[in-house]
Amino acid sequence: TSGAYSVSPFTVDTFKHAHGSVLTKETTHFLAIANHFDDDDGYMTTSSIFRWNATLLRFKEHQRIPTEGATHIQPFMLNGVRHLAISNFFDGTFHAVDSEVWRWSEKSTSFTLLQAIATHGAHHVSHVSHKGHHFLAFAQYRAEDEASLGTLSPLYLWDTDTQAFDLILSIPTSAAMHSQPFVIDARLYVAFANYRNASTGAAETFSPVYEIRCAEGAAGSFEAVVHQEIATVGATAWEHLTRGAEHFLAVALWSPDLPEESGVKLYQWVGTCLNFFTPYAATTSAGPFALEFLFANSAYYLLQAIPGEPFSLVQQFVSPSGASPPSFSTTTVDGVAAFPAPLNTSLFRADFLAPPLDTSRASGDLCRCPIPPIRIDEDLLRPICVCPVNYYCDVVFGTFWDRCPDHSSSPVGSDALSDCLCDVGYTGDPNNNTKCTPCPAGTYKGSSGNATCTLCPANTTSAAGSAVCDICFPGFTLDDTQTDGSHCRVCPSGSYKGGMGAGVCERCPGVSWAPAGSRNISACACLAGHGVPPNCICGAGTYSNETTIFDQTTVSCASCPVNKTSSSGARSVEDCAFTIPEAVEVQAELPIDINTIPVGSTERADLFDAFTTEVSEALGISSARIDVTGAVAGSTIIRFNILPDPTSLDPSVTPAALAVKLAAQAADSGSPLRQKSLFSTSVTLTIPPGTAEKAAAEAAAAVDVCTAGLA
């Protein structure tokens, strides 16, 4: 083994057909060893599964499972198949390591990974089956910040639909080292061994027993309710024992700093009306790190694993003469040692003495408690019965234990009806001091007590029973920073909000403006020169400074500087970041004798119009961007300009880029240009030298503008 932290025995049953149709069962015994640390691999080591070899009469290694600082392996049965739950504690750097569930595969005769489960410093895992449900309870020692000890130990539930364990609860614990689930009277409980106090870091703390139950009003959900808190000093483990109808909890206490507090304490369940664990017996030792109850040879035994000592303890649960109830001893009633050789019986101790059970602890004043107390007076060996929260009681004579009226509450230890104060949102009834009534709609009360409700401030209202006025009128929005009972503030100028409620103020579109408290988008009016609602935005090539729009001083959108342009909606001169490119003159030689067509004739105008249409369609641009300037005298060449689009920042439609594109189409008989009637036979296109380089430079400049976040 490598830093073995725990060992768990289990069996696997396989069924085989033998001698024809006879089905036989074969039971194989295994040991699962959680290896915590290896000298070579550190915490990233493997844990081992050993299988019993009946021929060699010894366990042989059967499988290795990768683990990360493993602390425990919990075998359990699920749907008739053996599973192993592994709590992984630490990877050498962080405690945020997944624990795992492995499932037995009969085909491979080994365990395969079923699920990784999110845990943080898991020190122990336990399984319990209750009312057909399967639970895994992890005890987490370290918090998510890797430093503090105030932990949330997770409880997982098996989901038959997803075939996986789902997180259902995160239970408050404090450096938890062990979890122990058990069932009493059809109720599920989980005890956690808290090793340290999360606030002080001291070993003195309380270890809780939680009841796990269905949450009220939420089908399919659960809640963990503190049933009892037991004072412990360095608790490392709980162990539950059922002996007939009796239930016991033993807690292992290991505190090297307080050796006098180390040992084992045993608690017995008293269920008459108390439903509570009461002190039963105690023993001192060097402090066990783990406990185990064992039933063997018709007797009960308690085993203590004690670290740092030359011996551990095995003690028998017996009924010595004159003592009731039984105590723990190292021998049976007739004096015969409980374990045969070669066990060294000199290591046994008989110092676990149990006082007689005081049955009066389950009667008297305690039976008048409306709910069980959650603490124990260790000196008197009895629970402390105090009036719980939201009750008022006669704690001396126990003549009354009354719950506060509906919608009122009281602190622990209250002894009069006057201690029950109306909750926030409720006020006392002057005609009935046992009744708290909800504040009417339109009023609020933000503190507990019997004071009257206050009217909501202007422009706000509330539902009945409200602590604040958080229903805002149109033109007002929710604001939790208000301190006058109103949680609403006016929508600022340039925004609006319609309808009642906590909706947000919507900003007026474009460069429109509305006064503070506006209730509809129709209140957003466009300023002079800004178009019509609802857009009211500056067009391409113009801009408007937002900071001067809402004071109603700007009367129009400003034009971009000379040779600069912008996209629509620009809000500052910096948005005019794209230089308007220059026009490019192109010459197209066509198989048409243009000189035969008189200048100024209708035929010549129609030719130029057709030319303009076919070129613009081939380029996918507006015909307004093709400007035919005329024909070269004595030739078949038409001279024209490709004009810029001042409203576009797209580098693919600059005149230079379009000229390069058109030249490429002229040389390609399958291009859109060559499908046109004027260009179908042949065409020679001439563009100015350096046009391609100019188009590339414009594209690079546009990328720079976009990178700067200005385009």
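Just above sits the structure.
Report follows, based on the coordinates. Along every chain, residues carry numbers that run from 1 in the direction the sequence is written. In view of the model being predicted, local features appear only for residues whose pLDDT reaches at least 70, and side-chain atom pairs are presented and counted only at 80 or more, with totals across whole chains, interfaces and linings using the full set of residues. The basis for every side-chain value is the complete set of heavy atoms in the structure, and neither hydrogens nor water enter the calculation.

So, the environment of Cys 576
As a reminder, the rule being used: Numbering goes from the N terminus for both helices and strands, where a helix is a DSSP run of H or I of at least four residues and a strand is a run of E of at least two. Every residue pair with non-hydrogen atoms within 4.5 Å of one another is taken to be in contact.
If you trace the backbone, Cys 576 turns up in the loop between strand S45 (564-565) and strand S46 (578-579). Separated by eleven residues in the primary sequence, Cys 576 and Thr 565 place their C-alpha atoms 4.9 Å from one another. Those residues in contact with Cys 576 that lie beyond four places of it in its chain are Tyr 543, Cys 560, Pro 561, Lys 564, Thr 565 and Ser 566.

Notes on the nonpolar core
As a rule of thumb, nonpolar side chains are buried together in soluble globular proteins. Rules: By convention a nonpolar core is built from buried Ala, Val, Leu, Ile, Met, Phe, Trp, Tyr and Cys residues, the set being connected through side-chain atoms within 4.5 Å. Any residue under 20% of the maximum accessible area for its type is buried, any over 50% is exposed, and the rest in between are partly exposed; the area is computed with a 1.4 Å probe on protein chains only.
Ranked by size, the top nonpolar core spans 30 residues in total, and within it Phe 611, Val 615, Phe 640, Ile 642 and Phe 679 carry the most contacts. Looking at this core, the elements with two or more residues in it are strand S47 (584-589), helix H2 (602-619), strand S48 (626-631), strand S49 (637-642) and helix H3 (655-666). Filtering out sequence-adjacent residues up to four positions away, Val 615 remains in contact with Ile 626, Phe 640, Leu 662 and Phe 679.

Considering the packing of aromatic side chains
This is how the line gets drawn: Each Phe, Tyr or Trp ring, with Trp reduced to its six-membered ring, pairs with another whose centre is within 6.5 Å; inter-plane angles below 30 degrees give stacked pairs, above 60 give edge-to-face pairs, and intermediate values give tilted ones.
Overall, the coordinates contain 23 aromatic pairs when judged by the stated rule. Note on Phe 192 and Tyr 210: the rings are 6.1 Å apart at their centroids and 80° apart in plane angle, and the pair reads as edge-to-face. In this pair, Phe 192 sits in strand S14 (residues 187-194) while Tyr 210 sits in strand S15 (residues 204-214), placing the two residues 18 residues apart along the sequence. Of the two residues examined, Phe 192 and Tyr 210, each falls in the buried class. One aromatic cluster in this structure is built from Tyr 5, Tyr 195, Trp 254 and Phe 289.

Concerning the sheet that holds strand S13 (residues 176-184)
Quick reminder of the rule: In this description, strands pair whenever DSSP reports at least two bridges between them. To get an axis, fit a line to the C-alpha atoms, keeping to the stretch in contact for a helix; angles then go from 0 to 180 degrees between the N-to-C directions.
Pairing is antiparallel across the open sheet formed by four strands, whose spatial order is S13-S14-S15-S16. Each end of this open sheet is capped by a strand with a single partner; those strands are S13 and strand S16 (222-233). Across the sheet, the mean angle separating the axes of adjacent strands is 20° when strand polarity is ignored. Judged from the eight bridges that link them, S13 and S14 form a sheet pairing that is antiparallel. For Ile 184, the partnering residue across the bridge sits in S14 and is Arg 187.

What to know about the sheet that holds strand S50 (residues 684-686)
If you trace the four strands from one edge of the open sheet to the other, you get S48-S49-S47-S50, paired in antiparallel fashion. Two strands lie at the open edges of the sheet, namely S48 and S50, each paired on one side alone. Strand after strand, the sheet turns through a mean of 25° between neighbouring axes, direction not considered. Strand direction decides the pairing type here: S47 and S49, joined by six bridges, are antiparallel.

Brief notes about the environment of Val 504
Take Val 504: it is sitting in the loop between strand S39 (495-496) and strand S40 (506-507). As a C-alpha pair, Val 504 and Thr 477 span 27 residues in sequence and 5.5 Å in three-dimensional space. Val 504 has contacts with Thr 477, Tyr 496 and Lys 497, leaving out every residue within four places of it along the chain.

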